[in-house]
Amino acid sequence: GRAFLLTAKAIGMIINILIVVSTIAFCFETMVEYSPDPHRNPARFEFYKELWSWVEITCVVLFSIDMVIRFGGAAAAGKTEAFFGDGMNWIDFLAIFPFYVKLVWSDFFDLRFLRVIRLARILRSLKSAKYGSLGAVVVDIVKNSVGALFIPVYFMILALIVFSSVMFYVEQTT
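Here's a quick rundown of the structure.

## Structural notes on the packing of helix α2 (residues 45-76) against helix α4 (residues 87-104)
Two measures define how a pair of helices packs: the angle their axes make with one another and the distance between the axes.
Phase 1 of the analysis: One can describe the packing of α2 onto α4 by two numbers: an axis separation of 10 Å at closest approach and a directional angle of 135°. On the basis of the axis angle, α2 is oblique to α4. With respect to the hand of their crossing, α2 and α4 are arranged in left-handed fashion. Side by side, α2 and α4 meet where Glu56, Ile57, Val60, Phe63, Ser64, Met67 and Arg70 of the first sit next to Asn89, Asp92, Phe93, Ile96, Phe99 and Tyr100 of the second.
Phase 2 of the analysis: Classifying every residue of the contact of α2 with α4 by side-chain character gives eight nonpolar, two polar and three charged.

Shown next, in the form of structure tokens:
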């Protein structure tokens, strides 16, 4: 029981770290000095093309393994419908889907910006604590207020990243 819970928490933390790493790498990729595009960064594009490729492959493979294992667990427990009904699983799928589309159709429209929506998965960690003493209630109220303010700011940042990524790829010249 306890070892399973600790393993699940460790895997969840690793996945959340990978989400952040993937998003940071994606943001750096759009900067001229870290660009894998030979037209934007002629001096170091090869290094960054390989670096960002390895980061993306590693993250997508580990996200895919995580998703397959979670689907296998849901299927083994007879909860396949619940798995497909969970919006977070669809977010995970949309985040890794563009990678596989690009493998099959290399000239397909670049959908990598969809991977930033995976940040929404971190919202699972925002669960409120149970109430204890009066001091704990006050601390919990303050924590809940910060969380309530954090959520709209989080979605604003998420929208900013998604739409700026869309604009980058729409305006990008070849």
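## Considering the packing of aromatic side chains
Phase 1 of the analysis: Considering all chains together, one arrives at 12 aromatic pairs under this definition.
Phase 2 of the analysis: With a centroid separation of 5.4 Å and an interplanar angle of 85°, the aromatic rings of Tyr34 and Tyr48 are classed as edge-to-face. Here Tyr34, found in the loop between α1 (2-29) and α2, pairs with Tyr48, found in helix α2; they are 14 residues apart in sequence, far enough to count as distant.
Phase 3 of the analysis: You can call Tyr48 buried: its relative accessible area is 10%.
Phase 4 of the analysis: Taken together, a centroid distance of 5.6 Å and an interplanar angle of 55° make the contact between Phe71 and Phe84 tilted. Of this pair, Phe71 sits in helix α2 while Phe84 sits in helix α3 (residues 80-85), and the two are 13 residues apart along the sequence.

## Looking at the packing of α1 against α2
Phase 1 of the analysis: Closest axis-to-axis distance for the α1/α2 pair is 10 Å, and the angle between their directions is 150°. With respect to each other, α1 and α2 are oriented roughly antiparallel. Considering only the axes of α1 and α2, their crossing is left-handed. Across from Ile11, Ile15, Leu18, Ile19, Val21, Ser22, Ala25, Phe28 and Glu29 in α1, the residues of α2 making contact are Trp52, Val55, Cys59, Leu62, Phe63 and Asp66.
Phase 2 of the analysis: Of the residues that constitute the contact of α1 with α2, the class distribution is 12 nonpolar, one polar and two charged.

The rules behind the values
Residues numbered from 1 in each chain as written. Predicted model: local features only at pLDDT ≥ 70, side-chain atom pairs only at ≥ 80, totals over all residues. Heavy atoms only, no water. Axes fitted to C-alpha atoms, helices over the stretch in contact; angles between N-to-C directions. Helix = DSSP H or I, 4+ residues; strand = E, 2+ residues; numbered from the N terminus. Parallel < 35°, antiparallel > 145°, perpendicular 65-115°, else oblique. Left-handed = near helix turned anticlockwise from the far one by under 90°. Contact = heavy atoms within 4.5 Å. Nonpolar A, V, L, I, M, F, W, Y, C, P; charged D, E, K, R; others polar. Phe/Tyr/Trp six-rings, centres within 6.5 Å; stacked < 30°, edge-to-face > 60°. Buried < 20%, exposed > 50% of the residue type's maximum accessible area, 1.4 Å probe, protein only.

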